[in-house]
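Descriptive analysis of the structure
The residues making up each chain are set out below.
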Amino acid sequence: MEQRLSCKSIVVATSQQVSCELGAEAAILNMKNSVYYGLNPVGASVWRLLQKPRSIGEIRDAIAGDYNVGMERLEKDLLGLVKELVDEGLAEIAGERR
């Protein structure tokens, strides 16, 4: 059953991947399917925050001041990125903040 992501969802990078920073970007190898992924500087910022369990709201708040974008747009884009990372097996939902 697929869990719905929200700003209260706690997410974390899985242990089934390895990653490294490439300048402002990041490269991730999914060890389950041997596929490499690349993240632009914004995605790399999110990826760094996913190394410890955090709510999507905490991640949103942590990066909000770094980018000139409205909170609604930031939240929508962040939810989309995290969903892709979860779908690709690079991150997992670890629970939900109350």
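Residues numbered from 1 in each chain as written. Predicted model: local features only at pLDDT ≥ 70, side-chain atom pairs only at ≥ 80, totals over all residues. Heavy atoms only, no water.

1. Side note on the overall build of the protein
To keep things clear, this is the line we draw: Put simply, DSSP H or I for four residues or longer makes a helix, DSSP E for two residues or longer makes a strand, and each gets a number counted from the N terminus. Radius of gyration here is computed from C-alpha atoms only, and the compact-globule reference equals 2.2 Å multiplied by the residue count raised to the power 0.38. Buried means the residue's accessible area, taken with a 1.4 Å probe over protein chains only, is under 20% of the maximum for its type, while exposed means over 50%, and partly exposed covers the values in between.
Along its length, the protein carries three helices and six strands. Along the chain direction, N to C, the helices and strands of the protein fall in the order β-β-β-β-α-β-α-α-β. Expected size for 98 residues packed as a compact globule is a radius of gyration near 13 Å; at 13 Å, the protein falls within 12% of this value. Expressed as lengths along the three principal axes of its C-alpha atoms, the size of the protein is roughly 35 × 35 × 20 Å. In the protein, buried positions account for 36% of the 98 residues.

2. Brief notes about the sheet that holds strand 6 (residues 91–96)
Rules: Strands pair, by our definition, only if DSSP identifies at least two bridges between them.
An order of 5-1-6 is seen for the three strands of this open sheet, with the pairing classed as antiparallel. Looking at strand neighbours, the two that pair on one side only are strand 5 (54–55) and strand 6, the edges of this open sheet.

3. Concerning the nonpolar core
The cut-off we apply is this: Nonpolar cores are built from buried Ala, Val, Leu, Ile, Met, Phe, Trp, Tyr and Cys residues. Side-chain atoms within 4.5 Å join them into one set. In this description, contact between two residues means that some pair of their heavy atoms is separated by no more than 4.5 Å.
Counting residues in hydrophobic clusters, the biggest one holds 22 residues, and the most contacted among them are V11, V46, W47, L50, I59 and L85. Looking at this core, the elements with two or more residues in it are strand 1 (9–13), strand 3 (25–30), strand 4 (35–39), helix 1 (41–49), helix 2 (56–63) and helix 3 (71–87). Counting residues per element, this core draws most heavily on helix 3, at five residues. Excluding its chain neighbours within four sequence positions, the residues that come into contact with L85 are W47, L50, L90 and A91.

4. Things to note about the layout of surface pockets
To keep things clear, this is the line we draw: The method works on a 1 Å grid over the protein atoms by themselves. A cavity is a set of points holding a 1.4 Å probe that cannot get out, a pocket is an open set with protein on both sides within 12 Å along at least five of seven lines, and residues with an atom within 4 Å of a point line them. Grid points are joined across faces, edges and corners, and a volume is the space filled by probe spheres set on the points.
For the largest pocket, the calculated volume is near 230 Å³. Of all the secondary structure elements, the ones that give two or more residues to the lining of the largest pocket are helix 1 and helix 3. Looking at the lining of the largest pocket element by element, the count peaks at five residues for helix 3.

5. Some points on the sheet that holds strand 3
As a reminder, the rule being used: Lines are fitted to the C-alpha atoms to define the axes, a helix being fitted only along its stretch in contact, and any angle between axes, read from their N-to-C directions, falls within 0 to 180 degrees.
Taking strand neighbours across the sheet as the criterion, the three strands line up as 2-3-4 in an open arrangement whose pairing is antiparallel. Looking at the sheet topology across the chains shown, the edges are occupied by strand 2 (17–22) and strand 4. Averaged over all adjacent pairs, the angle separating strand axes in this sheet is 20 degrees, with direction ignored. Where helix 1 meets the sheet, its contacts fall on strand 2, strand 3 and strand 4, and the angle it forms with strand 3 comes to roughly 60 degrees.

6. Topic: the environment of V18
Examined against the element boundaries, V18 turns out to sit in strand 2. Note: C-alpha distance between V18 and I28 (ten residues apart in sequence) is 5.7 Å. Sequence-distant contacts of V18, that is, excluding residues within four places in its chain, are made with A27, I28, L29 and M31.

Spatial relationships are all this shows, so hold off on functional conclusions.
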